[in-house]
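Chain by chain, the residues:
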Amino acid sequence: KVTSIDRPPPAIRAYKRENESMVKQNVADDMTAVKFVDLFCFPKNVASMMGVVPEDLTASASTDERRGTGFVTKSEAIGAFKGFLTSKGVSTEGGNIRVQDESHPLASLLPELIGTKQGIKKIQNLFIGKLKNAVAITVKRNGSQTVVASMKIGKKSPINIVVSRRSGNKFITEILGLVPFTKLLNITVESIAEEIKTKVACATSVSSEGTSITCSGKVFKEVWEIFTKDKQKYNLQHKGLTFGNWKIGTEAIDLRLPKGVK
């Protein structure tokens, strides 16, 4: 009489593997991901010199929110630059361009090139430097299409995880700049603080304005993993650390550590 089975038969093992895979996929599909995307805007003088209409460059943008706005990706900007070179008959054969004098088509756009011969990659980077920096915050929910939540000219405003040394060998970890992200994720700063307190076993407090969190101890690694769901960077081997069906892109988080802490 068989009273137990130590190892399930092949059919059951196959079913379990398939079911586990489906569960993992469902978890990934339910995840809300927030990311920063670098964009650029053409200053009027640059657009005029190149004869481009920035709004036309984004007429076929991949997202409805960006379409026709003039907020271009780096590849779109480089594409416009290459088109400008072609329209002016500038050859990039050999991967270099020589700008002999002020009569060259690039002289007015990139006067620093006059009298030099430079590689096309360097010239493209110089051109990108003439554009205004911009940033978009994108949100992808439940495996759906990516949505652009906001776009603005200027630099990105990331979440800052700041470790500070206190008296002796004591530290605190501050988490700043949370509010724009909590609004998108429909969560509160207080709920994040409570979860960090529970999962990491450290004291937490929320600022009087309700915009930042202070944690006792040097817990930046744990906070990084909680926010990004990236288990590879620090390899903490901490069961149950991850919480919430959301994640924030690593490019949207800035770590600031004191000397000697890594």
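All of these numbers come straight from a predicted model, not from anything done at the bench.

## So, the environment of Ile114
And then number 1: Here Ile114 shows up in the loop between strand E2 (96-99) and strand E3 (116-119).
And then number 2: Sequence-wise, Ile114 and Val99 are 15 residues apart; in three dimensions their C-alpha atoms are separated by 5.1 Å.
And then number 3: Not counting residues within four places of it along the chain, the set of residues in contact with Ile114 comprises Val99, Gln100, Asp101, Glu102 and Ala107.

## Thoughts on the packing of helix H4 (residues 74-87) against helix H5 (residues 120-128)
And then number 1: Put simply, H4 and H5 touch, their axes get as near as 10 Å, and they point 115° apart. Considered as vectors, H4 and H5 are oriented roughly perpendicular to each other. Between H4 and H5 lies a crossing of right-handed hand. Between H4, through Lys74, Ala77, Ile78, Phe81, Lys82 and Leu85, and H5, the contact on the second element is made entirely by Ile120, Ile123, Gln124, Asn125, Phe127 and Ile128.

## Concerning helix H7 (residues 189-200)
And then number 1: Between its first and last C-alpha, H7 extends 16 Å over 12 residues, near the 16 Å set by a 1.5 Å rise per residue.
And then number 2: Along H7, the positions that sit buried rather than exposed are Val189, Ile192, Ala193, Ile196 and Val200. Buried residues of H7 fall within an arc of 100° about the axis and therefore sit on the same side.
And then number 3: One or two positions beyond H7, positive phi appears at Ala201, with a value near 60°.

## Description of the nonpolar core
And then number 1: Counting residues in each nonpolar core, the largest one holds 33 residues, and the members touching the most others are Ile159, Ile175, Ile196, Ile213, Phe227 and Ile248.
And then number 2: Setting aside chain neighbours within four positions, we find Ile196 in contact with Ile175, Ala201, Cys202, Thr204, Cys215, Val223 and Ile226.
And then number 3: Listed in part, the 25 residues of the second largest apolar core include Leu85, Val90, Leu109 and Ile120.

## What to know about the confidence of the model for the protein chain
And then number 1: Looking at the protein chain as a whole, its pLDDT mean stands at 85, while 85% of the residues score no less than 70.
And then number 2: Here residues 1-9 is modelled with pLDDT under 50, and outside its nearest four sequence neighbours on either side it reaches 2 contacts, counting other chains as well.
And then number 3: Scored below 50 in pLDDT, residues 19-29 shows 2 contacts in the model against residues more than four places distant or in partner chains.

## Thoughts on the state of the cysteines
And then number 1: For the coordinates displayed, the defined rule picks out 0 disulfides.
And then number 2: We note that Cys202 lacks a disulfide partner, and the nearest cysteine sulfur, in Cys215, lies 4.6 Å from it.
And then number 3: On the basis of relative accessible area, Cys202 is assigned to the buried category, the value being 9%.
And then number 4: The buried category is assigned to Cys215, whose relative accessible area is 0%.

## Thoughts on the sheet that holds strand E5 (residues 147-153)
And then number 1: One open sheet accounts for 4 strands, arranged E5-E4-E1-E10; its pairing is mixed. Each of the sheet's edge strands pairs with one partner strand only, and the pair in question is E5 and strand E10 (246-248). Taken pair by pair, the neighbouring strands of this sheet meet at an average axis angle of 25°, ignoring direction.
And then number 2: In the sheet, strand E1 (residues 32-41) pairs with strand E4 (residues 132-140) via 9 bridges, with the strands oriented antiparallel. Within E4, the position partnered with Val37 by the bridge is Ala136.

## Focus on the sheet that holds strand E9 (residues 213-216)
And then number 1: Spatially, 5 strands are ordered E8-E9-E7-E6-E11 in an open sheet, and the strand pairing comes out mixed. The open sheet has two free edges, formed respectively by strand E8 (204-206) and strand E11 (253-256), since each of these has just one partner strand. This sheet shows a mean twist of 15° between the axes of neighbouring strands, independent of strand direction.
And then number 2: Across 4 bridges, the pairing between strand E7 (residues 171-176) and E9 is antiparallel. By the bridge assignment, Glu174 is partnered in E9 with Thr214.

## Some details on the pairing of E2
And then number 1: Because side chains alternate across E2, one face comprises the buried residues Ile97 and Val99, and the other comprises Asn96 and Arg98, none of which is buried.
And then number 2: When E2 meets E3, the two strands line up antiparallel, connected through 4 bridges. Paired with Arg98 across the strands is Lys117, a residue of E3.

## Observations concerning the packing of H7 against helix H8 (residues 220-228)
And then number 1: At their nearest, the axes of H7 and H8 sit 11 Å apart, and the two run at 125° to each other. It follows from the interaxial angle that H7 and H8 lie oblique. As H7 packs across H8, the resulting crossing turns out to be right-handed. Residues Ile192, Ile196 and Val200 of H7 pack against Glu222, Val223, Ile226 and Phe227 of H8.

About the criteria used
Residues numbered from 1 in each chain as written. Predicted model: local features only at pLDDT ≥ 70, side-chain atom pairs only at ≥ 80, totals over all residues. Heavy atoms only, no water. Helix = DSSP H or I, 4+ residues; strand = E, 2+ residues; numbered from the N terminus. Contact = heavy atoms within 4.5 Å. Axes fitted to C-alpha atoms, helices over the stretch in contact; angles between N-to-C directions. Parallel < 35°, antiparallel > 145°, perpendicular 65-115°, else oblique. Left-handed = near helix turned anticlockwise from the far one by under 90°. Expected span 1.5 Å × (residues − 1). Buried < 20%, exposed > 50% of the residue type's maximum accessible area, 1.4 Å probe, protein only. Arc of directions from axis to C-beta. Core = buried A, V, L, I, M, F, W, Y, C linked by side-chain atoms within 4.5 Å. pLDDT = per-residue confidence, 0-100. Disulfide = S-S within 2.5 Å. Pairing = 2+ DSSP bridges.

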